[in-house]
Amino acid sequence: MSNSESDLARRAARLYYDDNKTQDEIGEILDITRWKVGRLLSLARESGIVSISISETATPSERATTGIIPTPRSVANGVTDAASLRGFLTNLPSVDAIGLEARAATLATRSIKNESKRAALDTIIRLVDLTTLEGADTPGKVKSLVAKALVPDASDPTTPRVAAVCVYPDMVEHAVRALGTSIGDGETGISVASVATAFPSGRSSIDIKLADTRFAVDQGATEIDMVIDRGAFLSGDLETVFNQIVLVREACNRADGSHAHLKVILETGELRTYDNIKRASWLAILAGADFIKTSTGKVQPAATLPTTVLMLEVVRDWFHLTGERIGVKPAGGIRQSKDAIRYLVAVAEVAGEEWLTPHLFRFGASSLLNDVLLQRQKMTTGRYSGPDYVTVD
Amino acid sequence: MSFLEYAPAPESTSILKLQKSYGLFINGEWVDGGDKSYTTISPSTEKPIAEIAHASAKDVDRAVSAARAAYDTVWSRMSGADRGKYLFRIARLIQERARELAVAETLDNGKPIRETRDVDIPLVAAWFFHYAGWADKLEWAGLGPNPKALGVAGQIIPWNFPLLMLAWKVAPALAAGNTVVLKPAETTPLTALLFADICQQAGLPDGVVNIIPGRGEVAGQALVEHPGVNKIAFTGSTAVGRSIARTIAGTEKKLTLELGGKGANIVFEDAAVDEAVEGIVRGIFFNQGHVCCAGSRLLVQENVHDEIVEKLTRRLGTLRLGDPLDKNTDIGAINSKEQLDRITALANTGESEGAERWTLDCEIPTNGFWFRPTVFTNVATSNTIAREEIFGPVLSVLTFRTAEEAITKANNTPYGLSAGIWTQNASRMLRVADELRAGVIWANTFNQFDPTSPFGGYKESGYGREGGRHGLTAYLSNGDAR
């Protein structure tokens, strides 16, 4: 086969397979006969210019629409198909809104003072996912965010580091580069969390959500914050919500067998009812979530204390059922130390103190850190300073 | 350091300016008492708070005469609108002095500051505000066009919610145009005496409110027997209530009794489990279980019994017992040695009768009176702890299979004060509530109080209603019918 002939075969193959032209149309375009086109296409297949493979297993979009994809967790709890998933979730005891809100309000009256407050402030910093999720984000902004994550308060070297920085997928490489050797899992170093799956609305195809996830993981993200399909959940299509989490969890896998940790954002502000939030929490855990997260921060209401108490009750119940601890991340709207301390109280009294580690609890926040630093400075110096004594990033 | 070891956060007592001793408050003046005085102590430390004068029968007579004079010359002639102004003024003063009152109540009673601050004192103010509004609207109370005050009301209150029980009695009595002689409980006179100060501060005419601390068998008995008293309102034990009823039988005196209880808290299989557990805790461990309407009998549907008990005991593990003045304390001190002995004896009976005892594993302070939160499972309906009012942090757990059985068991008590229903099925909730013979029935909540809602019991839990429009009828008569 001459070079000119293989070039011609390649061009014909492109037109036929990629552009869906008929053999007649290709003949006209290349100014050759239809029979010649047929011979060129055969040649392209035989010579390996074109290779055709037929998948033995279902494609992601096929898998996401036929029943549920069982996970080890779901199977262990008898959830193997759409009906058992629905049955499991609807059999959960419902939530009494007034009672839940009263419980949260009582937890919020705890008075955390002196050395307890000092320890709480440091704990909050260690649990922060320092976040920037703006259309206007730039490599420079991310670099600045990472610098703040590493040294939150240059005036006080005893200030701990935050757990993670949280950015959009295309900013992951800049965050990873800026962190250098300081990257870690939240405890060993600062983790890089990336939102993915058509964040914040989640309104795209599963293929695009998976590509988005893989891209972020390939760029070096150590944690993925995905959004669930709230539309599917509210319309009763629990299988789609479940399967998308399973597939995204698979997409978090790395070649070495490890995986980027998966936080599943329920967007509680759109699920509206506590019963929905409770069911979505269980669904996310059964599907493979490492963390359940309240909100994107783009919808109001974002994190609230009652919602977080409810999700903490779910992870506590899961722990008593299986011995496995799942993380919780309230995100959005937590701006003051005082509020964050109430969350710590809720974590410790509802789920247990074991949860007060970056592996099991995070605050998704941007402005919270500065308020904590101001409170910390006040405890050290005995004086309140002002917003100009902490850095704007 | 464990995060849960919250650093001490004690409420400051500096706001409370205590006197070494307190007299009786009669006719707008502080006077000495004729009975031997008594030192009120803080049950959490056993340290003395102040020396309290005790009223003799003669003092009671002076107080009743003062109340009668105030009724005849001032209070009964005043317009409802003007009486309302005094009550509004008292309500505002209570709000202004809320922290002081909360500290005093916690110190004297032993209940946590979190409760006095967030429950007792706000409710006290709410009660006065509510009845202040009624003072000029009595014609619309449903008692005919011209209802009349009864005259002098003798009021005897318990130690479990000292100032709140005062408010439940004094606010409607004054709104309806009566004058009062009030005897606080022996162990908790402090906030009633501070209330006397508030009356002075409000410029309330002399003799409208008289506060006479004293012993039940002396001052209490004299007040009940006094011929100048038109109305007796009593909150306390069924035994004392019974003796009061006997004493005034055949007289013109009107009587309301708010007595003991053995409230059933019924949890159905479809309850919102986590909130039900909170409600159980609130039902029996609120105020150390010193609550007449406490949910002391937990009736759980058998198929969710284990889950509920497991979640309950786990939740109880987070309760903090200790210094009542610490803002993080959930369980305070038992009010007196006497009450502690009674609770201890009844709990021991529970054990010896075969119920399974669970006790919160927590340290208790060396001084003061303390009882660890306790849950009995495998309780039979015939056990003493399922029948008698313990009035302490002790829960008896029983089971049922059907709604009918739950109703039967809940009603199978000489008492009938309160009950709770936990279910997400609204039609079942309404049907069960309809069948329960209890004065107050809470659905998906427990121990909630509001001045607009009547409160009171059936059977041995007493008679008459306090709170809301109904509460006025206890202090009014239909003027035309007389």
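Just so you know, these numbers come straight off a predicted model, no measurement behind them.

## What about the domain arrangement of chain A?
Okay, so step 1: Here chain A is described as being made up of domain 1 (3-47) and domain 2 (82-389).
Okay, so step 2: Centre-to-centre, using C-alpha coordinates, domain 1 of chain A lies 54 Å away from domain 2 of chain A.

## Overview of the domain arrangement of chain B
Residue and element names in this part refer to chain B.
Okay, so step 1: Taken as a whole, chain B is organised into domain 1 (21-259 + 459-477) and domain 2 (264-443).
Okay, so step 2: Relative placement of domain 1 and domain 2: their C-alpha centres are 30 Å apart.
Okay, so step 3: Counting residues at the interface gives 19 residues for domain 1 and 24 residues for domain 2.
Okay, so step 4: The element contributing the most residues to the side of domain 1 that touches domain 2 is helix α4 (residues 113-134), with 3 residues.
Okay, so step 5: Within the side of domain 1 that touches domain 2, the residues separate by chemical class into 4 nonpolar, 8 polar and 7 charged.

## Let's talk about the nonpolar core
The nonpolar side chains of soluble globular proteins are, as a tendency, buried together.
Okay, so step 1: Grouped together as the largest cluster of nonpolar side chains are 175 residues, with contacts concentrated most on V128(A), V165(A), A175(A), V264(A), A284(A), V347(A) and I266(B).
Okay, so step 2: Top contributing element to this core by residue count: helix α17 (residues 337-351) of chain A, with 10 residues.
Okay, so step 3: The next biggest cluster of nonpolar side chains, apart from the first, holds 94 residues, and it includes W134(B), I156(B), I157(B) and L193(B).

## Some thoughts on helix α9 (residues 139-150) of chain A
All names here are of chain A.
Okay, so step 1: Here α9 contains 12 residues, and its C-alpha end-to-end distance of 17 Å stays within 8% of the 16 Å for a straight helix at 1.5 Å per residue.
Okay, so step 2: For α9, the full list of buried residues reads V142, L145, V146, K148 and A149. The buried residues of α9 occupy one face: seen down the axis, they fall within an arc of 160 degrees.
Okay, so step 3: Buried positions along α9 lie against β1 (128-131), β2 (164-167) and α10 (172-179).

## What about the sheet that holds strand β4 (residues 35-41) of chain B?
Residues and elements named next belong to chain B.
Okay, so step 1: A sheet is described by the order of its strands in space; here 3 strands give the open sequence β1-β5-β4, paired in mixed fashion. The strands lining the two open edges of the sheet, one partner per strand, are β1 (21-22) and β4.
Okay, so step 2: Where β1 lies against strand β5 (residues 48-54), 2 bridges are found, and the strand directions are parallel. In the strand pairing of β5, Y22 is matched with I52.

So, how was this worked out
- Residues numbered from 1 in each chain as written.
- Chains lettered and ligands numbered in written order.
- Predicted model: local features only at pLDDT ≥ 70, side-chain atom pairs only at ≥ 80, totals over all residues.
- Domains from an automatic or database assignment.
- Contact = placed C-beta atoms within 7 Å.
- Helix = DSSP H or I, 4+ residues; strand = E, 2+ residues; numbered from the N terminus.
- Nonpolar A, V, L, I, M, F, W, Y, C, P; charged D, E, K, R; others polar.
- Core = buried A, V, L, I, M, F, W, Y, C linked by C-beta atoms within 7 Å.
- Buried ≥ 20, exposed ≤ 12 C-beta atoms within 10 Å, placed from the backbone.
- Expected span 1.5 Å × (residues − 1).
- Arc of directions from axis to C-beta.
- Pairing = 2+ DSSP bridges.

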